[in-house]
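Topology and contacts: notes
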Amino acid sequence: MRGGMSFWHGKRVLVTGGAGFLGSGLCHALARMGAQVTALDAMMPGTGALAANLEGSGARLVRADLRDGNLAGVTRGLDVVFNMAAQTSHAGSMADPFSDLAINAEAQLRLIAALRDGSPNATVVHASTRQFYGTPRYLPVDEAHPLNPPDANGVSKLAGEQYWLLEGRVQGRPVVSLRLTNCYGPRLRICDARQTFLGIWFRRLLEGQPFEVWGGAQLRDLAYLDDVVAAFLLAAETPACAGRAFNLGGAAPVSLLQLAEACVAANGGGRFEVKDFPAERAAIDIGSYHADDGAFRSATGWAPKVTLEEGLRRSLEWFRLRLSAYV
Ligand SMILES: NC(=O)c1ccc[n+]([C@@H]2O[C@H](COP(=O)([O-])OP(=O)(O)OC[C@H]3O[C@@H](n4cnc5c(N)ncnc54)[C@H](O)[C@@H]3O)[C@@H](O)[C@H]2O)c1
């Protein structure tokens, strides 16, 4: 890793969405390396937000909503911002596109304005998504792939990313956007499928219940939390990343059926049923996806280190010890 501990020690860092799945993972890693970490989170119901996610991290949790105007208290004197807060539900974005837009696009403008006042030179790493490529026209998907958002969330996340990249161009602020694939690991929301189908698979496996696989042939390149966190840190540490949007993939692609079998193996047993996609999900499904993240690897030297088998084993082990806090 490039700068690692020496880069982060004493750095003043804001993690928006810091009580969520990926944000809290970043908070733990940053605090371990001696950064002064503030986690801003509105603790939105239905998301991965959980105060317990930050236990033992040493990060300061500030409960605030990016949609509110007054962010000055948390945006002064920062070195780095990891911008993880979002409305992430695809089905939710179709049911209520206005809230989705307010968080993923309009609130981003509020944060941009607050940072102009309080931290004009802070580096920003923005959590973006593969979602807005839509159904891939070719695989693996590189950054030149046409954009074709399949749902309202894809539209709002694209707008949010573009506001940040614009800010980088016009203000000279170092901004990096990482377009994430499906991520998993400790602190994922597993009580239901709102964050990812894998959450409910984990829960059912740990409770000794069968889980449902919809379709089964779709390919996914799942990224384990530690690899995602390492990528965000490197994006902030590497000046050559500034001004760019990168795909971030994970382990080698597998079909959902292979993934289900790997989950059962990692759990040491379990059952699943293969079903057709429910109609409302099929309408916004993107089919198979895996990323060409060669550009990010070349810029930073990053590569995922955790195999799918190891990541699933570690995740299930982690939740097994804390199941009651997460279901
Ligand atoms: N997890 C994945 O597989 C994945 C894939 C692609 C992109 N992403 C992106 O990564 C980021 C983090 O995702 P995650 O999986 O950790 O989700 P998460 O739901 O666990 O975390 C998001 C957090 O943002 C907070 N939040 C939402 N609206 C807010 C607001 N208005 N003000 C303040 N806080 C607010 C929520 O309370 C939650 O804690 C998101 O931007 C998401 O779009 C994640």
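Computed from a predicted structure; not experimentally measured.

**A word on the site of the ligand**
- Taken together, 31 residues form the shell around the ligand, and within it Phe21, Asp41, Lys157, Cys183 and Gln195 come nearest.
- Take Gly48: an N or O atom from its main chain is 2.9 Å from an oxygen atom of the ligand.
- Leu66 is positioned with one of its backbone polar atoms (N or O) 2.9 Å from a nitrogen atom of the ligand.
- For the ligand, the protein covers 95% of the area, taking 830 Å² as the surface of the free molecule.
- For the shell around the ligand, the elements supplying multiple residues, two or more each, are α2 (21–32), β2 (36–41) and β5 (123–129).
- It is β5 that contributes the most residues to the shell around the ligand, three residues altogether.

**Considering the packing of helix α4 (residues 97–118) against helix α5 (residues 152–171)**
- Axis separation between α4 and α5 bottoms out at 8 Å; the angle between their running directions is 15°. Here α4 lies roughly parallel to α5, going by the angle between them. Crossing hand, α4 versus α5: right-handed. Side by side, α4 and α5 meet where Pro97, Asp100, Leu101, Asn104, Ala105, Gln108, Leu109, Leu111, Ile112, Leu115 and Arg116 of the first sit next to Ala152, Asn153, Ser156, Lys157, Ala159, Gly160, Tyr163, Trp164, Glu167, Val170 and Gln171 of the second.

**Observations concerning the confidence of the model for the chain**
- When pLDDT is averaged along the chain, the result is 96; 99% of the residues meet or exceed 70.
- The secondary-structure element of the chain with the lowest mean pLDDT is helix α9 (residues 279–282), recorded at 78, while β5 shows the highest, at 99.

**Overview of the packing of aromatic side chains**
- Taken as a whole and judged by the stated rule, the model has 15 aromatic pairs.
- Between Phe132 and Tyr133, the ring centres sit 5.9 Å apart and the planes meet at 55°, which makes this aromatic pair tilted.
- Here Phe132 falls in the buried class, since its relative accessible area comes to 0%.
- Given a relative accessible area of 0%, Tyr133 falls into the buried group.
- Over the ring of Phe7 we find Lys11; its NZ or CZ atom is 4.3 Å from the centre of that ring.
- The side chain of Arg130 reaches across the aromatic face of Tyr289, ending 5.4 Å from its centre.

**Thoughts on the pairing of strand β8 (residues 211–214)**
- Here β8 shows a clear split, with Phe211 and Val213 buried on one side and none of Glu212 and Trp214 buried on the other.
- In this sheet, strand β13 (residues 272–275) lies alongside β8 in parallel orientation, the contact comprising four bridges. Looking at the pairing, Glu212 lines up with Glu273 of β13.

Scoring rules and cut-offs
- Residues numbered from 1 in each chain as written.
- Predicted model: local features only at pLDDT ≥ 70, side-chain atom pairs only at ≥ 80, totals over all residues.
- Heavy atoms only, no water.
- Near = heavy atom within 4 Å.
- Polar contact = N/O pair within 3.5 Å; in protein donor to acceptor, adjacent residues only side chain to side chain.
- Areas by Shrake-Rupley, 256 points an atom, 1.4 Å probe, with all protein chains shown as cover.
- Helix = DSSP H or I, 4+ residues; strand = E, 2+ residues; numbered from the N terminus.
- Axes fitted to C-alpha atoms, helices over the stretch in contact; angles between N-to-C directions.
- Parallel < 35°, antiparallel > 145°, perpendicular 65-115°, else oblique.
- Left-handed = near helix turned anticlockwise from the far one by under 90°.
- Contact = heavy atoms within 4.5 Å.
- pLDDT = per-residue confidence, 0-100.
- Phe/Tyr/Trp six-rings, centres within 6.5 Å; stacked < 30°, edge-to-face > 60°.
- Buried < 20%, exposed > 50% of the residue type's maximum accessible area, 1.4 Å probe, protein only.
- Lys NZ or Arg CZ within 6 Å of the ring centre and 35° of its normal.
- Pairing = 2+ DSSP bridges.

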